[in-house]
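Spelled out, the chains give:
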Amino acid sequence: GIYIKIGQVMSTIGQGLLPQQYVDALKPLQNGVPPRGYDEISRIIEKSTGKKMDDLFVDFQKKPIGSASVAQVHKATLRPKNDGDKPTPV
């Protein structure tokens, strides 16, 4: 979270503030942030919604299609709210 953001900022404005080897070491944070695991993501979603993943989604791909320091993206299909409604891909 916050430490990645600090590292990203220091990798871009760190020239002259930090030794070059530190700036070089921080550069992978610009686009090399590893994704969070499915267990952590599902805990965050369940805590924020108060519902279980199975109650929210017909399908939720565990492997993200993209990740960054502030978010990551998963393919998923929301469960219909009402009988007769179609599932919603998100």
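Everything that follows concerns the structure shown earlier in this document.
Along each chain, residues carry numbers from 1 onward, in the same order as the chain's sequence is written. For this predicted model, a pLDDT threshold of at least 70 governs which residues receive local features, and a threshold of 80 or more governs which side-chain atom pairs are given and counted, while totals over whole chains, interfaces and linings are taken from all residues. Calculation of side-chain values draws on the structure's entire complement of heavy atoms; hydrogens and water are dropped beforehand.

Q: Would you explain the overall build of the protein chain in this entry?
A: Each helix and strand counted, the protein chain has four helices and five strands in total. Helix numbering and strand numbering both begin at the N terminus, where a helix is a DSSP run of H or I of at least 4 residues and a strand a DSSP run of E of at least 2. The linear arrangement of helices and strands in the protein chain, starting from the amino end, is α-α-α-α-β-β-β-β-β. Taking 12 Å as the expected radius of gyration for a compact globule of 90 residues, we find that the protein chain reaches 18 Å, considerably beyond that expectation. Across its three principal axes, the protein chain shows a C-alpha extent of roughly 60 × 20 × 15 Å. Counting across all 90 residues of the protein chain, residues that qualify as buried make up 21%. Residue contacts are defined here by distance: any two heavy atoms, one from each residue, within 4.5 Å place the two residues in contact. For the protein chain, restricting intrachain contacts to residue pairs at least 6 apart in sequence, the fraction spanning at least 24 positions comes to 23%. Computed with the Shrake-Rupley method and a 1.4 Å probe, the accessible areas treat only the protein chains shown as cover for residues. Within the structure as shown, the protein chain displays about 6900 Å² of accessible surface, and the carbon and sulfur contribution to it stands at 56%. For the purpose of counting charges, residues Lys and Arg are taken to be positive, whereas Asp and Glu are taken to be negative. His and the chain ends are not included. Just so you know, the charge point we use is NZ for Lys, CZ for Arg, CG for Asp and CD for Glu. Taking the average location of the 13 positive side-chain charges in the protein chain and that of its 9 negative ones, the two points are 5 Å from each other. This radius of gyration counts C-alpha atoms alone. The globule rule is 2.2 Å times how many residues there are, raised to the power 0.38. Accessibility here uses a 1.4 Å probe with only protein chains present; expressed as a share of the type maximum, an area under 20% marks a residue as buried, one over 50% as exposed, and anything in between as partly exposed.

Q: Is there a simple way to explain helix α1 (residues 2-13) in this structure?
A: Under the convention used throughout, the expected extent of a helix is 1.5 Å for every residue step, that is, one less than its residue count. With 12 residues, α1 extends 16 Å from end C-alpha to end C-alpha; this agrees with the ideal 16 Å at 1.5 Å per step. Among the residues making up α1, those that are buried are G7, Q8 and S11. Down the axis of α1, the smallest arc covering the buried residues is 100°, so these residues share one side. Starting at the helix axis, one direction is taken to each C-beta atom, and the arc is that of these directions.

Q: Could you clarify how one ought to interpret the sheet that holds strand β5 (residues 88-89) in this entry?
A: Pairing between two strands is assigned when DSSP locates at least 2 bridges connecting them. Taking strand neighbours across the sheet as the criterion, the three strands line up as β1-β4-β5 in an open arrangement whose pairing is antiparallel. Strands with a single pairing partner mark the edges of an open sheet, and in this sheet they are β1 (57-60) and β5. Two elements, strand β4 (residues 76-78) and β5, share two bridges in a ladder whose sense is antiparallel. Across the sheet, L78 pairs through a bridge with T88, a residue of β5.

Q: Honestly, a nonpolar patch on the surface in this entry has me stumped. Any pointers?
A: On the surface, I2, Y3 and I6 cluster together into a nonpolar patch covering about 390 Å² of accessible area. Secondary-structure assignment places I6 in helix α1. Candidates for patches are residues over 30% relative accessible area with no salt bridge; among them, like charges are joined within 9 Å and nonpolar side chains (Val, Leu, Ile, Met, Phe, Trp, Tyr) within 5 Å. What counts as a salt bridge is simple: a side-chain nitrogen of Lys or Arg found within 4 Å of a carboxyl oxygen of Asp or Glu.

Q: Got a minute to help me understand the environment of P87 in this structure?
A: Tracing the backbone through its elements, the reader meets P87 in the loop between β4 and β5. P87 gets classed as partly exposed once you look at its relative accessible area, which sits at 42%. For the pair P87 and S67, spaced 20 residues apart in sequence, the C-alpha to C-alpha distance is 25 Å.

In short, shape yes, function no, at least from these values alone.
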